[in-house]
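# Summary of structural features
These are the residues of each chain, in order.
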Amino acid sequence: MNKIHEPAGPMRDRCLDKDGLIRLNLNHPPPVPKTFDRIFADAFEDLLQTISPSSLVATHRWSGTEEDRSMGAEFASRRLGAPPNIDRVVLTHSTQAAIQMILPALVPKGRHLVVEHMTYPPVRAFAQRYGVAIVDVPIDDNGVEPNSFEVVCRNSRPAAIYLVTTFQNPTTITMSMDRRIQIAEIAKRYDVQIIEDDVYSLLSSSPIKPISAIVPEISWYLLGTAKSFAAGLKLAFVVAPNPSEAFRVFWPGVRATYWMATPISAALMSKFIRGGDDLEILAAVKKELGSRHELLNEVVGDRHYVANPGCLHVWFPLTEKHPSEEVAIAMKADGVQVAGSNSYASPAFHPPEAIRVGIGNPETPELLERALKIIRKHLPSGWND
Ligand SMILES: Cc1ncc(COP(=O)(O)O)c(C=O)c1O
């Protein structure tokens, strides 16, 4: 393909809403058009040499073609260490779609789903929609707190736990290997299924093996593309504990939802993985993210925050004197939207005061810099401030 078009219209303004508000509450990977557009356009052209558009989109791809699931196994092996049996792999429309299928299938009435006391908000919404009861577990600087998890297992008989082990949303915490082993052992002892959402892990420069590689027999491993490639690609690979569970939970007719992957995205992703293009895109995203962290350090380096160069979001702890809700409102009034810690917690729990800031979403570093300068203005300069 000779010409790559400049993005136009809404693509240009992906992080601005119609009032010009810079949206750092969203947590998308930074755009890398030079690399992504070339790879995407070439893959598209190649694809259409081998299959006609009408055949490509003629039907659903159900759990993915054999090629999709084989490439999914390859993709997951970059984190799990070895490719899983392809009959354990299911290609889905997104991590959210996968979670919506897995929750009601794993947690029957009368049982509970355990979540970190601050967690990815849609999980609470999905649980409510499907009548899945939730019990919270505290996290510390190392992730899910094992003693508390064991108490929950003993008292509430949970059927499953949902957790984000690398770059936890919202706190950025990555669970250590020792802690992963502890959590895996407790889950196994109490017969709790693990739903491990590893969506942020591919950008880490010091990745730690997923819990799902320690106890695959009780793990549902989710590796979505939204945070490392593009949110609009809409794809996530699931690795189920075994082929029969994959079939039980995702058999195409099991429930009327939109969980199936879009054929065009699926075919392109399979192509990326087969040719190693996914690694090239990841390298470009990591590089751009690294330079955005340098910018972060330049602009707000004198303020207190928790960050990792591979993490799309940054966590700014605040104090009772500077409640997150008030700080977020003041920032919004000045043109930048961020997320307060309360949006990740249940109404029954008062989380520590903090805000989460996504640094990947702005289209350009210049726009990010403008937003960070505004953020800095509203951050306390010291703990006693
Ligand atoms: C932990 C976590 N999982 C999944 C997602 C979204 O993934 P998808 O777009 O594939 O549903 C997000 C987005 O913010 C997230 O924070």
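Owing to the predicted nature of the structure, the values given are computational and were not obtained by experimental measurement.

Where the parts come together, the accessible area they lose is often given as the size of the interface. Along its sequence, the protein is carved into domain 1 (9-34 + 282-378) and domain 2 (59-275). On the side of domain 2, 22 residues touch domain 1, which itself brings 24 residues to the contact. Across the domain 1 to domain 2 interface the summed buried area is about 2,000 Å²; carbon plus sulfur atoms make up 67%. The interface formed by domain 1 and domain 2 holds 0 salt bridges in total. Our enumeration of links across domain 1 and domain 2 arrives at 5 residue pairs in polar contact (both at pLDDT 80 or more). Only α11 (277-300) and β11 (313-317) provide two or more residues apiece to the side of domain 1 that touches domain 2.

Attention shifts here to the sheet that holds strand β13 (residues 339-340). Taken in spatial order, the 3 strands line up as β11-β14-β13 in an open sheet, and their pairing is antiparallel. The open sheet terminates on both sides in strands that have one partner only, identified here as β11 and β13.

The next subject is helix α3 (residues 66-80). Between its terminal C-alpha atoms α3 stretches 20 Å, which fits the 21 Å expected from 15 residues at 1.5 Å a residue. Taken together, the buried positions of α3 are Asp-68, Arg-69, Met-71, Gly-72, Ala-73, Phe-75, Ala-76, Ser-77, Arg-79 and Leu-80. Among the residues trailing α3, Gly-81 stands out with phi positive, at a value near 105 degrees.

With that out of the way, let us pick up the packing of aromatic side chains. The geometry of an aromatic ring pair is captured by two quantities: the separation of the ring centres and the angle between the planes. By the definition in use, this model includes 7 aromatic pairs. Seen in terms of ring centroids, Phe-75 and Phe-229 are 6.0 Å apart; in terms of plane orientation they differ by 50 degrees. Their pairing is tilted. Here Phe-229 lies in the loop between β9 (219-224) and β10 (236-239) and Phe-75 lies in helix α3, a separation of 154 residues in the sequence. The burial state of Phe-75 is the same as that of Phe-229; both residues are buried.

Rules of the game
- Position numbers for residues start from 1 in each chain and track the written sequence from start to end.
- Two thresholds apply to this predicted model, a pLDDT of at least 70 for residue-level local features and 80 or more for giving and counting side-chain atom pairs, whereas whole-chain, interface and lining totals are computed over all residues.
- Hydrogens and water are ignored here; the side-chain numbers use all heavy atoms of the structure.
- In this document the domain limits rely on a domain assignment from an automatic tool or a database.
- Should any heavy atoms of two residues lie within 4.5 Å, those residues are counted as being in contact.
- Buried area is understood as the total, over both parts, of accessible area removed when two parts are fitted together, assessed with a 1.4 Å probe.
- Within this document, salt bridges are pairs made up of a side-chain nitrogen of Lys or Arg and a carboxyl oxygen of Asp or Glu, the two lying within 4 Å of each other.
- Here a polar contact is recorded for every N or O atom pair within 3.5 Å, except that within protein the pair must consist of a potential hydrogen donor and a potential acceptor, and residues adjacent in sequence are included only if both atoms are side-chain atoms.
- The helix and strand labels rest on DSSP assignments: H or I over at least four residues marks a helix, E over at least two residues marks a strand, and numbering proceeds from the N terminus.
- Two strands form a pair only when DSSP identifies at least two bridges running between them.
- Expected helix span is taken as 1.5 Å per residue step, with the number of steps being one fewer than the number of residues.
- Only protein chains enter the accessibility calculation, which uses a 1.4 Å probe; a residue whose area is less than 20% of its type maximum is buried, one above 50% is exposed, and one in between is partly exposed.
- Each Phe, Tyr or Trp ring, with Trp reduced to its six-membered ring, pairs with another whose centre is within 6.5 Å; inter-plane angles below 30 degrees give stacked pairs, above 60 give edge-to-face pairs, and intermediate values give tilted ones.

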